Structure formats: C-alpha cells, structure tokens
Amino acid sequence: MIPVYLINLEVRKDSEKAGGRSLVLPHPCNEAVRHVLYATDFSDSAYRTYKVLRDMEGAGIVEKISMIHVQGHHAIAIKDPVSRDRLTEQNRDQLDRIRNKLSDRTREGTDLIITFGTPAKEIVDTAKERGATMIMMGSQGQGYVQELFLGSVSSKVTRLSDVPVLLIPAERENEES
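Worth saying up front: this structure is predicted, and the values here are computed from it rather than measured.

A. Expanded view of the side chain of Gln71. Along the chain, Gln71 turns up in strand β5 (residues 64-71). Within the local environment of Gln71, its side chain forms a polar contact with the side chain of Asn91, the two groups lying 2.5 Å apart. The residues contacting Gln71, other than those within four sequence positions of it, are Leu87, Thr88, Asn91, Ile114, Thr115, Phe116 and Gly117.

Given below as structure tokens:
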C-alpha cells in the first residue's frame, strides 16, 4: 500500500468556464508541509506514519510539527478525575517520547496536544486553530470505499479538512518491510 495525499479543492464561480464554475487549489502545494499536524492513536499504523514524518523532517522539508492525541469517549467516561488525569499524563508522556526522536531543528518547537472528544472533529478543529497546513495520519486501510461507509477517523478527517491530508496505510502481512 502506498501513501495517499488528498487535497480538497474549492469550487468558485467562474462565468468564463463551462458550467459557470471552476476548481481551485485553496493553498499552493509547496506550502502544505510548512506546519504538519501529526495525529496519533499510538497504534502500529500511527507509528508507521511517524516514521514518514520523521524522514520528511530529517530531510528539512517540514518547518513545524504539532502532535495530537484525541482521548475518545472511553476517557471521558472515566468518572474518577484522578484516573482521567493519570491517563492524560500517560498519553502526554508517550507524545513526549515521540517528540524527543525528532531532530534539534523542530523538537523544541513541537506542540503536544491532548484533547477529549470525537477524534475526526478534534483533529480538524485543532488543525484550523493551530494553523496547520497539512494533517498526517495513519489509515487502517480497509480500502477507501469501505472506509467511506464504515466511517473511519481518517475517512472523516479527509472529508472535513480544509487542509491536505496525507494518509499512511497500515502495513499488510504480505508486505515486505
């Protein structure tokens, strides 16, 4: 499986075009890697995505990185505030360990974000709030058509995001490393 880069195009009125409208890139493609929001659930697929991000960052093509982990409804359901705080701290420690593997160039400026809620909404909202120019995330990859109907997080993010999304598919058993 190969990575998939998705760009949501804008539809603009254009009286000179057939149909009265045209498709327009909302941002120049070369600006997409300026500020990457890396979304992780700490899965193998997310780690595979992180390796791609680290390669891009190491090559000097990523200027800023933000990392987000969304604690879903299971975390919200924890009634005991001490347990919830402990879970949040464990997740922050995991993000910090991931950040510490980045180069000196971006490590210190990398934001760690832990939120509660619906993952796709939180990821897209955070990208807007933080001025991210691209979202990178793993995809469990049952195939795009299946994901569309299953409602996976990555599929929802691609539909809701105003910025490009780079999906790194999960490794398949028959793939070579």
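B. Broad picture of the nonpolar core. Membership of the largest hydrophobic core comes to 19 residues, with the highest contact counts inside it found for Leu53 and Met67. Where this core is concerned, the elements lending two or more residues are β4 (35-39), α1 (44-58), β5, α3 (81-99), β6 (111-116), β7 (134-139) and β8 (165-169). Among the elements that make up this core, the one with the highest residue count is α1 (four residues). The residues contacting Leu53, other than those within four sequence positions of it, are Val36, Tyr38, Val62, Ile65 and Met136. Ranked by size, the runner-up nonpolar core spans 16 residues in total, among them Ala120, Val124, Ile135 and Val163.

C. Structural detail: the sheet that holds β4. Ordered by their spatial adjacency, six strands build an open sheet running β1-β8-β7-β4-β5-β6, and the pairing between neighbours is mixed. The open sheet terminates on both sides in strands that have one partner only, identified here as β1 (4-6) and β6. The sheet shows a mean angle of 25 degrees between the axes of neighbouring strands, taken without regard to direction. Direction of pairing for β5 relative to β6: parallel, over a ladder of six bridges. Bridge pairing links His69 to Ile114 in β6.

D. Here's a closer look at the pattern of salt bridges. In this structure the tally under the stated criterion is eight salt bridges. One salt bridge in this structure joins Asp96 and Arg99, with 2.5 Å as the shortest N-O distance. Here the residue Asp96 and the residue Arg99 both occupy positions in helix α3, the gap between them amounting to three residues, near one helical turn. Residue class for Asp96 comes out partly exposed when judged on its relative accessible area of 28%. Residue Lys121 pairs with Asp125 through a salt bridge whose shortest N-O separation is 2.6 Å. You can see Lys121 and its partner Asp125 sitting in helix α5 (residues 119-130), four residues apart, about one turn around the helix. Through salt bridges with shared partners, a single network forms among Lys64, Asp111 and Arg130.

Calculation rules
- The written sequence of each chain sets the order in which its residues are numbered from 1.
- The predicted origin of the model limits local features to residues at a pLDDT of at least 70 and limits the giving and counting of side-chain atom pairs to 80 or more, whereas totals for whole chains, interfaces and linings rest on all residues.
- For the side-chain quantities, the full set of heavy atoms in the structure was used; hydrogens and water were omitted.
- By the criteria applied, helices consist of DSSP H or I runs no shorter than four residues and strands consist of E runs no shorter than two, each listed in order from the N terminus.
- N or O atoms within 3.5 Å of each other form a polar contact, as long as, within protein, one can give a hydrogen and the other can take it, and as long as residues adjacent in sequence are counted only when both atoms are side-chain atoms.
- The criterion used for residue contact is that any of the two residues' heavy atoms lie within 4.5 Å.
- Throughout, nonpolar core names a set of buried Ala, Val, Leu, Ile, Met, Phe, Trp, Tyr and Cys residues whose side chains join them through atoms within 4.5 Å.
- Residue exposure (1.4 Å probe, protein chains only): buried if accessible area is under 20% of the type maximum, exposed if over 50%, otherwise partly exposed.
- Note: two strands are recorded as paired if DSSP finds a minimum of 2 bridges between them.
- Helix axes are fitted only over the stretch in contact, all axes being lines through C-alpha atoms; the angle between N-to-C directions runs from 0 to 180 degrees.
- Put simply, a salt bridge is a Lys or Arg side-chain nitrogen that is within 4 Å of an Asp or Glu carboxyl oxygen.

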